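# Inside the fold
Chain by chain, the residues:
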Amino acid sequence: MKTLACYSIKGGVGKTASSVNLAYLAAQAGYRTLLIDLDSQGASSFYFRVRPSKKNWGKRFFKTYEQLLKQIKASDFDRLDIIPAHESFRHFDAMLSDQGKREQRLKRVLKGLKKEYDLIILDCPPTLSYLSEAVFHAVNMILVPVIPTTLSERTFEQLQDFFHRNDLPDRMVYPFFSMVQRQKHLHKSTIERLQDTTPRLLEAQIPFSTDIEKMGEHRSPISCFAPRSPGGQAYEALWQEIARKLEKL
Ligand SMILES: Nc1ncnc2c1ncn2[C@@H]1O[C@H](COP(=O)(O)OP(=O)(O)OP(=O)(O)O)[C@@H](O)[C@H]1O
Ligand SMILES: [Mg+2]
């Protein structure tokens, strides 16, 4: 079983859009896939038309994997299951702050799912918190969408600094460009500059696309309703690149 997180300290950069499309494409490619929506906003769950559980079970999330098993919901697609977010997930940090070995908690519960799934994808909230530290310790790959603008680049640097200061292995961090608008000078120049200097920068770039924005209307991944559109093809290229890396892990 492999695990990957779509993560950024910054909000609104395409973590959820990427989680949803990658989960769909992984399942289509034959991986038994579980998408866990860690963000209490519940956007991934919404895209897959999966209702959050009515029970306030967030406080049991990190206890045992059996608790997670109980919350798994089937999606409309073969091999793709979802653990939808619950409002109570916004208290994850407070919960983890009281727990011993909190960095290892998520890793431990996810391990319990290794017979059921080939790939687990975590859609993370935009924070740098105890939850994110638990995510960093739990996954094989951290995918970081970076919009080619100054602020998004800066938050990526903050993440790299955090990894270095905390002796975390940055070899698992894979940035990629998201919401790219090549006609904008700033985007073009930022991409050209970072392409030469950023380790593990993925080649695939996700363009800014109204079709991707429309995922909310369709409540479906673009890779499903418009796979041949530029956005759909970009996610396919991103998935292919990630799949090759996952196979080597
Ligand atoms: N490539 C894209 N082109 C155009 N719009 C996009 C693209 N990717 C995402 N969006 C839109 O931008 C908004 C933010 O995207 P998304 O929810 O994926 O980001 P996020 O990083 O998960 O945000 P949050 O930090 O709030 O969880 C959404 O309205 C989404 O539809
Ligand atoms: Mg999100």
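Residues numbered from 1 in each chain as written. Chains lettered and ligands numbered in written order. Predicted model: local features only at pLDDT ≥ 70, side-chain atom pairs only at ≥ 80, totals over all residues. Heavy atoms only, no water.

For the protein, an unreviewed UniProt entry supplies the name Cobyrinic acid a,c-diamide synthase and the organism Oceanospirillum linum.

### Observations regarding the site of ligand 1
What counts is decided by this rule: Here a residue counts as near a molecule or strand whenever at least one of its heavy atoms sits within 4 Å of it. Contacts described as polar in this section are N or O atom pairs within 3.5 Å, which, within protein, must combine one atom able to donate a hydrogen with one able to accept it, while residues neighboring in sequence count only if both atoms come from side chains. To measure how exposed things are, a 1.4 Å probe is used in the Shrake-Rupley method; for residues, cover is taken only from the protein chains shown. Helix and strand labels come from DSSP, where a helix needs a run of H or I of at least four residues and a strand needs a run of E of at least two; each type is numbered from the N terminus. Note on residue classes: Ala, Val, Leu, Ile, Met, Phe, Trp, Tyr, Cys and Pro are nonpolar, Asp, Glu, Lys and Arg are charged, and everything else, Gly too, is polar.
Contacts to ligand 1 come from 18 residues, most closely from Lys15, Thr16, Ala17, Pro207 and Ser209. One nitrogen or oxygen atom from the side chain of Lys15 is found 2.7 Å from an oxygen atom belonging to ligand 1. For ligand 1, whose free accessible area comes to 630 Å², the fraction covered by protein is 82%. Looking at the shell around ligand 1, the elements that each hand over two or more residues are helix 1 (15-28) and helix 9 (210-213). With 3 residues, helix 1 is the largest single contributor of residues to the shell around ligand 1. Among the residues making up the shell around ligand 1, the classes are represented as 9 nonpolar, 6 polar and 3 charged.

### Quick look at the UniProt feature "domain: AAA" (unreviewed entry) in the protein
Defined as follows: UniProt positions are given in the numbering used here, feature names are shortened, and annotations may be inferred rather than shown by experiment.
Under the UniProt annotation, "domain: AAA" (unreviewed entry) lies at residues 1-162. Across residues 1-162, the secondary structure splits into 40% helix and 17% strand, with the terminal C-alpha atoms separated by 27 Å.

### Quick word on unusual backbone geometry
The condition is simple: Relative accessible area decides the class of each residue, using a 1.4 Å probe on protein chains only: under 20% of the type maximum gives buried, over 50% gives exposed, and in between gives partly exposed.
Phi is positive for Arg49, which is not a glycine, with a value near 55°. As for its position among the elements, Arg49 is in the loop between helix 2 (43-47) and helix 3 (65-71). Residue classification places Arg49 among the partly exposed residues on the basis of a relative accessible area of 48%. Of note in this structure, Arg200 is not a glycine but carries a positive phi near 65°. Take Arg200: it is sitting in the loop between helix 8 (185-197) and helix 9. Judged by its relative accessible area of 28%, Arg200 is partly exposed.

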